[in-house]
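# Breakdown of the fold
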Amino acid sequence: MHTRKSTHKKIILAILMLNIFIVMVGVGLVTPLLPQLILGMGASGQSIGLLVAAYGITQFLLSPLTGQLSDRYGRKAFIVGGGIVYAVAKCLFAAGDSLWMLYASRLLEGVAAALIVPPMMAYVADVTTTEEHAKGNALLGAAMSFGFVVGPGLGGFLAGYGVKVPLYVATGAAIAGVVVSLVCLPESLSTEQMNETRAKVRRRESFLKRYAQSLQSEYAMLFMLVFVMTFGLANFESVFGLYVTDRFYFSPQDIALILTTGAVIGVGMQALLVAKIMKRFGETRVITASLLFIATAYVVLLLAKAFWSIFLVTFCIFFATAMLRPALTTKLSKMAGNEQGYVAGMNNAYMSMGNIVGPTLAGIFYDVNQFAPFLAGGSILFLAFLMTLKLKEKHPVESEMSNT
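For the structure given in this document, a descriptive report is provided here. Predicted model only: the values in this text are computed from it and were never measured.

### Thoughts on empty space enclosed by the protein
Taken as a whole, this structure holds four cavities of 30 Å³ or more when the rule is applied. Every element with two or more residues in the lining of the largest cavity is listed here: helix H6 (133-158) and helix H13 (307-336). Two domains each put at least three residues into the lining of the largest cavity: domain 1 (1-201) and domain 2 (205-390). Considered as a void within the structure, the second largest cavity measures approximately 60 Å³ in volume. Contributing to the lining of the second largest cavity are Met-121, Ala-122, Asn-137, Thr-329, Leu-332, Ser-333, Gln-340, Val-343, Ala-344 and Asn-347. Of all the secondary-structure elements, those providing two or more residues to the lining of the second largest cavity are helix H5 (99-127), H13 and helix H14 (340-368). Element by element, the count of residues in the lining of the second largest cavity is highest for H14, at four residues. Looking at the lining of the second largest cavity residue by residue, the class counts come to five nonpolar, five polar and no charged.

Shown next as structure tokens:
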């Protein structure tokens, strides 16, 4: 009986990982296509930046709402609905012959991510025990990271058969994910649980008030750490290629090798090791150590001059981030109780905020000085590390794990 239940959980996690992998591949898949598509429409480089940001904007606006609604109406409907919206977005991008259609597609992608990611994170908490949270979140995080890393390379490869081919492949993959979810994914919440949540009196709150309240909640520090983590990684990734090209004359192939190989190894280690590390040391210690490690690596990167030393530092940044992300998610899910959807939604919202602010500020800082984005990112991450020194162990399970 236990074996059957364990197998059932593995199948569910595999379906969730498949869905999030498809979405994240599609997000990164357009990167190598944008210059050719944009230039063909007579648009500027600024348009590329706005297209990238458009995805994060709608995700940021909707994530708090979708997470909370999934507590009331179930996870499956949002996951399936998000897959359908995502397929429509990719199809629209492929058919797009004007700039407004590309913007509409990217905005819809953000909507799809907001519909899918928070309910998925909450779903993992629904179907796993407290001890299993770390492993489930690490696997979901690995699928997200791997999809984002694979996306640009896959897009570039498929574009060899036609610039629109990657987009049609992404559309087909999204439809396949929807069908699998419809047929094989059960609802994780019982009717009683949903009715109980809906029965609670909730006032309708404005968008800004929802965020203001999140910063006054018991989750406030962790939400800010999610933002800082995402800001730091997006800040790094957005100017890394420019930095090594300007300073060391790296080729596009060199940059691709460093980012892709380093990230893939980091994701693999995330799937295999992170849950064990968290079980041994506890989420709080992993969060604290990861922030200090990443902040230090940012500074060390500026001292590295050889290809392999830069590769090693970049890998360390990816691996530390791969530990930090599931540690934050697991700690939040342990605190959330019956607010899994709300917390997952706000978690995703602060991630999307970091994805908007990080690249924007990195570009501004880089125009001032090529070292500035990394020094600024490292400083912010170090301040976050200092914040975590006051982060207390609030859960007996985590404290017990930390002492084993």
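### Let's talk about the nonpolar core
Counting residues in each nonpolar core, the largest one holds 96 residues, and the members touching the most others are Leu-16, Ile-20 and Ile-310. Among the elements that take part in this core, H13 stands out by supplying 16 residues, more than any other. Both domains that meet at this core, namely domain 1 (1-201) and domain 2 (205-390), each give it at least three residues. Excluding residues that lie within four positions of it along the chain, Leu-16 makes contacts with Ile-79, Met-120, Tyr-123, Val-124, Leu-140 and Leu-185.

### What about the pattern of salt bridges?
Applying the stated criterion to the full structure yields five salt bridges. Notably, a salt bridge pairs Arg-75 with Asp-71, separated by 2.8 Å at the nearest N-O pair. A single burial state applies to Arg-75 and to Asp-71, both of which are buried. Asp-126 serves as the salt-bridge partner of Arg-75, at 2.7 Å between the closest nitrogen and oxygen. Of the two residues, Arg-75 sits in the loop between helix H3 (45-73) and helix H4 (76-95) while Asp-126 sits in helix H5, which places them 51 residues apart along the sequence. Among the residues examined, Arg-75 registers a relative accessible area of 2% and is labelled buried. Put simply, Asp-71, Arg-75 and Asp-126 are held in one network by salt bridges that share partners.

Rules of the game
- Residues numbered from 1 in each chain as written.
- Predicted model: local features only at pLDDT ≥ 70, side-chain atom pairs only at ≥ 80, totals over all residues.
- Heavy atoms only, no water.
- 1 Å grid on protein atoms, 1.4 Å probe; cavity = no way out; pocket = protein on both sides within 12 Å on 5 of 7 lines; lining within 4 Å.
- Points joined across faces, edges and corners; volume = space filled by probe spheres on them.
- Helix = DSSP H or I, 4+ residues; strand = E, 2+ residues; numbered from the N terminus.
- Domains from an automatic or database assignment.
- Nonpolar A, V, L, I, M, F, W, Y, C, P; charged D, E, K, R; others polar.
- Core = buried A, V, L, I, M, F, W, Y, C linked by side-chain atoms within 4.5 Å.
- Buried < 20%, exposed > 50% of the residue type's maximum accessible area, 1.4 Å probe, protein only.
- Contact = heavy atoms within 4.5 Å.
- Salt bridge = Lys/Arg side-chain N within 4 Å of Asp/Glu carboxyl O.

Keep in mind that these numbers describe shape and distance, not what the molecule does.
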